[in-house]
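Observations on chain architecture
Spelled out, the chains give:
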Amino acid sequence: YFIQSILSYMTLWRNSKRFLHRVPQLLTRSSSTCPSEYFPKYDVSKIRNFSIIAHVDHGKSTLADRLIEIGGVRNSLPQQLDSLQVERERGITVKAQCASLRYSHRGSDYLLNLIDTPGHADFNHEVGRSLFVSDGAVLLVDAVRGIQAQTVNNFYCAFERELSVIGAINKIDLPKADVEMCKKEMEDMFDLERQSISCLSAKTGQNVENLLPQIIEHIPPPGGKIDAEFVGILHDCQ
């Protein structure tokens, strides 16, 4: 048993050394996939960090796809941020994923960092982690189904963190969509103003771009002092 333990530690150390030797290559490779000229240095006031929250199957990942496309990234695969095999097979989000995009608004360039979160109750911890690093949230509601259990739970998670919440109604292109019913529910339950609620179709792209100015105007930039000691949270690692 003692000899086996020694051999195991030696193997672990050897593999660690191999990884450390590859770190410069990995950093070079990751920087080449996202060139610095695409994301120049932004002033903090031009940055917005937000999460997309909703009940399961209300269209969060599809909305994230459309927003990423507006930011200039084209991908033929649906659910661009769903990287796990089970996510693609079942069409659900299990693990929160993030993406950054550029958007010009009133003559200024903004950096928008979005997080696509799970909607199933079993993965609510991922929603909490996402909201912890966000300054606001887009609350998405299905125009046919209306407000459901995780819609309420996710809203109060954002409310407890005192985040700015932007209401949005998805799937307005469906024949059974009841936009007025959804607006009334969101107004009564979450005290969101009707005129501020966006109505869109993430599938067709209808009115999706109208959501971005709202994000810029209603979600505050990151707080803190830029010259202070760095503090961060490891949100994702691949």
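Structural notes, computed from the coordinates.

Brief notes about the overall build of the protein
For the protein, the count of helices and strands is 7 helices and 6 strands. Listed N to C, the secondary structure of the protein is α-β-α-α-β-β-α-β-α-β-α-β-α in terms of helices and strands. Taking all 238 residues of the protein together, the buried fraction comes to 41%. Total accessible area on the protein is roughly 14,200 Å²; 55% of this is exposed by carbon and sulfur atoms.

A few points about the packing of aromatic side chains
The description of an aromatic ring pair rests on the distance of the ring centres and on the angle between the ring planes. Counted according to the given criterion, the structure contains 4 aromatic pairs. A ring pair is formed by F155 and Y156, whose centres lie 5.1 Å apart and whose planes are at 80 degrees; its orientation type is edge-to-face. Here F155 falls in the buried class, since its relative accessible area comes to 5%. Between the aromatic rings of F155 and F159, the centroid separation amounts to 6.0 Å while the plane-to-plane angle is 20 degrees, which identifies the pairing as stacked. Highlighted residues: F155 and F159, both in helix α5 (residues 149-160), separated by 4 residues, approximately one helical turn. By the ring-pair criterion, three or more aromatic residues cluster together here, those being F155, Y156, F159 and F190.

Details of the packing of helix α4 (residues 124-132) against α5
Geometry of a packed helix pair, given as the angle between the helix axes and the separation of the axes. At a minimum axis distance of 10 Å, the contact between α4 and α5 shows a crossing angle of 30 degrees. In terms of their interaxial angle, α4 and α5 are classed as roughly parallel. Crossing geometry of α4 relative to α5 is assigned as right-handed. Facing N124, V127 and L131 of α4, the residues of α5 in contact are Q150, N153, N154, C157 and A158. Here the residues of the contact of α4 with α5 sort into 4 nonpolar, 4 polar and no charged.

Description of the sheet that holds strand β4 (residues 136-142)
Taken in spatial order, the 6 strands of this open sheet run β2-β3-β1-β4-β5-β6, and their pairing is mixed. Each edge of the sheet is formed by a strand with only one pairing partner; in this case those strands are β2 (97-105) and β6 (198-199). Two strands pair when backbone bridges link them, and β4 and strand β5 (residues 164-170) are joined in this way by 7 bridges, in the parallel orientation. Its bridge partner lying in β5, A137 is registered against V165.

Description of the environment of K60
Here K60 lies in helix α2 (residues 60-70). For K60, a relative accessible area of 5% corresponds to the buried category.

Describing the nonpolar core
Counting residues in hydrophobic clusters, the biggest one holds 25 residues, and the most contacted among them are F50, L63, L67, L112, L114, L211 and I215. Counting residues per element, the ones that place at least two in this core are β1 (47-54), α2, β2, β3 (108-116), β4, β5 and α7 (211-218). If we skip the residues at most four places from it in the chain, L112 touches R48, F50, A99, S100, L101, Y103, L212 and I216. A137, I147, C182 and C199 belong to the second-largest nonpolar core, a separate cluster that totals 21 residues.

Details of the pairing of β5
Of all the 7 residues making up β5, 6 are buried; the element is thus mostly covered by neighbouring parts of the structure. For the crossover from β4 across α5 to β5, the handedness is right-handed. Note that the unit made of β5, helix α6 (residues 179-190) and β6 has a crossover that is right-handed.

Brief notes about the side chain of S198
Here S198 shows up in strand β6. Engagement of the side chain of S198 in a polar contact is seen with the side chain of Q214, the distance being 2.2 Å. When near neighbours in sequence (up to four residues on either side) are disregarded, S198 contacts G167, A168, I169, L211 and Q214.

Concerning α6
Each α-helix winds once per 3.6 residues, and so residues spaced three or four apart point in a common direction. The end-to-end C-alpha distance of α6, which contains 12 residues, comes to 16 Å, matching closely the 16 Å that a straight helix rising 1.5 Å per residue would cover. Considered for burial, the residues of α6 that qualify are C182, K183, M186 and F190. Mapping the buried residues of α6 onto a view down its axis gives an arc of 100 degrees, with all of them on the same face. Just downstream of α6, D191 is the residue with a positive phi angle, here 60 degrees.

Here we look at the state of the cysteines
Taken as a whole, this structure holds 0 disulfides when the rule is applied. With no disulfide of its own, C182 has C199 as its nearest cysteine by sulfur position, at a separation of 8.6 Å.

Procedures and definitions
Residues numbered from 1 in each chain as written. Predicted model: local features only at pLDDT ≥ 70, side-chain atom pairs only at ≥ 80, totals over all residues. Heavy atoms only, no water. Helix = DSSP H or I, 4+ residues; strand = E, 2+ residues; numbered from the N terminus. Buried < 20%, exposed > 50% of the residue type's maximum accessible area, 1.4 Å probe, protein only. Areas by Shrake-Rupley, 256 points an atom, 1.4 Å probe, with all protein chains shown as cover. Phe/Tyr/Trp six-rings, centres within 6.5 Å; stacked < 30°, edge-to-face > 60°. Axes fitted to C-alpha atoms, helices over the stretch in contact; angles between N-to-C directions. Parallel < 35°, antiparallel > 145°, perpendicular 65-115°, else oblique. Left-handed = near helix turned anticlockwise from the far one by under 90°. Contact = heavy atoms within 4.5 Å. Nonpolar A, V, L, I, M, F, W, Y, C, P; charged D, E, K, R; others polar. Pairing = 2+ DSSP bridges. Core = buried A, V, L, I, M, F, W, Y, C linked by side-chain atoms within 4.5 Å. Right-handed = clockwise from strand over helix to strand, strands pointing away. Polar contact = N/O pair within 3.5 Å; in protein donor to acceptor, adjacent residues only side chain to side chain. Expected span 1.5 Å × (residues − 1). Arc of directions from axis to C-beta. Disulfide = S-S within 2.5 Å.

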